[in-house]
Amino acid sequence: MSTPISDTKQDVITTYVGRPTFSCAGCAAVITLQDELISKHFSGRDGRGYLMHSAVNVKLGKKEDRHLLTGVHTVADVFCMGCNDRIGWYYHKAADATQKYKEGKYLLEREKLIKDNAWKIDE
C-alpha cells in the first residue's frame, strides 16, 4: 500500500453546501456528492464499497496492477486530503473488456465514509 508523503490538511476545500454528500469518517472532509453514486454493490479491502463517478479532497497513491475479484486492474489508492486515511482506490485501467466501465471511477469504502443527507428541520 502506498502512502502520501505531504501533510495537506490546508488543501481541503469546502464544497457542496446543503447537498447530500459522503464525507471522510476520519476527519469529516467532504469526499463526494451522493448523486455521484453508480453502485453500492462493490467490495473494498475492508468490506462493502461504493463505485463513484468522482471525488474531491482526495489524492492518489502510486499506480499498481492489483488482482481484484473481477480480474487484474491498474489502480491507485485514494487518500483523504484532510487526514491521509486510505479511503479506497481509483481505477486507471481494466484488463478485461467487460470491466472497462470502471476506468476513471472511484471505489470508496463504505466504512471509511459518513453519509450526510443535508436534511433541514423546520422550526
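Residues numbered from 1 in each chain as written. Predicted model: local features only at pLDDT ≥ 70, side-chain atom pairs only at ≥ 80, totals over all residues. Heavy atoms only, no water.

Visitor: What exactly am I supposed to notice about the pairing of strand β4 (residues 47-52) here?
Guide: Side chains on a regular strand alternate between the two faces of the sheet. Two strands pair when backbone bridges link them, and strand β3 (residues 37-44) and β4 are joined in this way by five bridges, in the antiparallel orientation. From the neighbouring strand, Ser-43 faces β4, where its bridge partner is Arg-48. In textbook terms, the turn of a hairpin is the stretch between consecutive antiparallel strands, and for β3 and β4 this stretch comprises two residues. The sheet contact formed by β4 and strand β8 (residues 106-109) spans four bridges and is antiparallel. Across the sheet, Met-52 pairs through a bridge with Tyr-106, a residue of β8. (Pairing = 2+ DSSP bridges. Helix = DSSP H or I, 4+ residues; strand = E, 2+ residues; numbered from the N terminus.)

Visitor: How do you make sense of the environment of Thr-32 when you look at a structure like this?
Guide: Position of Thr-32 among the secondary structure elements: in strand β2 (residues 30-33). Its relative accessible area of 1% is what places Thr-32 among the buried residues. For the pair Thr-32 and Tyr-16, spaced 16 residues apart in sequence, the C-alpha separation works out to 8.5 Å. The contacts of Thr-32, once residues within four sequence positions are left out, are Tyr-16, Thr-21, Phe-22, Met-52, Ser-54, Ala-55 and Leu-108. At 2.9 Å, the side chain of Thr-32 forms a polar contact with the backbone oxygen of Ser-54. (Buried < 20%, exposed > 50% of the residue type's maximum accessible area, 1.4 Å probe, protein only. Contact = heavy atoms within 4.5 Å. Polar contact = N/O pair within 3.5 Å; in protein donor to acceptor, adjacent residues only side chain to side chain.)

Visitor: Explanation requested: the sheet that holds β4 in the structure shown.
Guide: On the basis of which strands lie adjacent, the open sheet formed by six strands has the order β3-β4-β8-β7-β6-β5 and antiparallel pairing. Pairing within the sheet leaves two strands with one partner each, and these edge strands are β3 and β5 (58-68). Sheet twist, expressed as the average angle between the axes of neighbouring strands with direction ignored, equals 30 degrees. Relative to strand β6 (residues 71-80), β5 runs antiparallel, the two sharing nine bridges. Paired with Asp-65 across the strands is Thr-74, a residue of β6. (Axes fitted to C-alpha atoms, helices over the stretch in contact; angles between N-to-C directions.)

Visitor: Would you explain the packing of aromatic side chains in this entry?
Guide: Note on aromatic pairs: each is described by the distance of the centres and the angle between the planes. Under the counting rule described, the total for this entry stands at three aromatic pairs. Residues Phe-22 and Tyr-50 carry aromatic rings whose centres are separated by 5.2 Å and whose planes lie at 40 degrees to one another, so their mutual orientation is tilted. With Phe-22 in strand β1 (residues 21-24) and Tyr-50 in strand β4, this residue pair connects regions lying 28 residues apart in the sequence. Assessed through its relative accessible area of 4%, Phe-22 is described here as buried. (Phe/Tyr/Trp six-rings, centres within 6.5 Å; stacked < 30°, edge-to-face > 60°.)

Visitor: I tried to follow unusual backbone geometry on my own but got confused; where do I start?
Guide: Backbone phi values are negative for most residues with the exception of glycine, while trans is the configuration of most peptide bonds. Residue Asn-57 is not a glycine yet carries a positive backbone phi of 55 degrees. By the element assignment, Asn-57 lies in the loop between β4 and β5. Exposure remark for Asn-57: the relative accessible area of 5% places this residue in the buried category. Unlike most non-glycine residues, Asn-84 shows phi in positive territory, near 65 degrees. Summarising the element assignment, Asn-84 is placed in the loop between β6 and β7 (86-94). Judged by relative accessible area, which is 25%, Asn-84 ranks as partly exposed.

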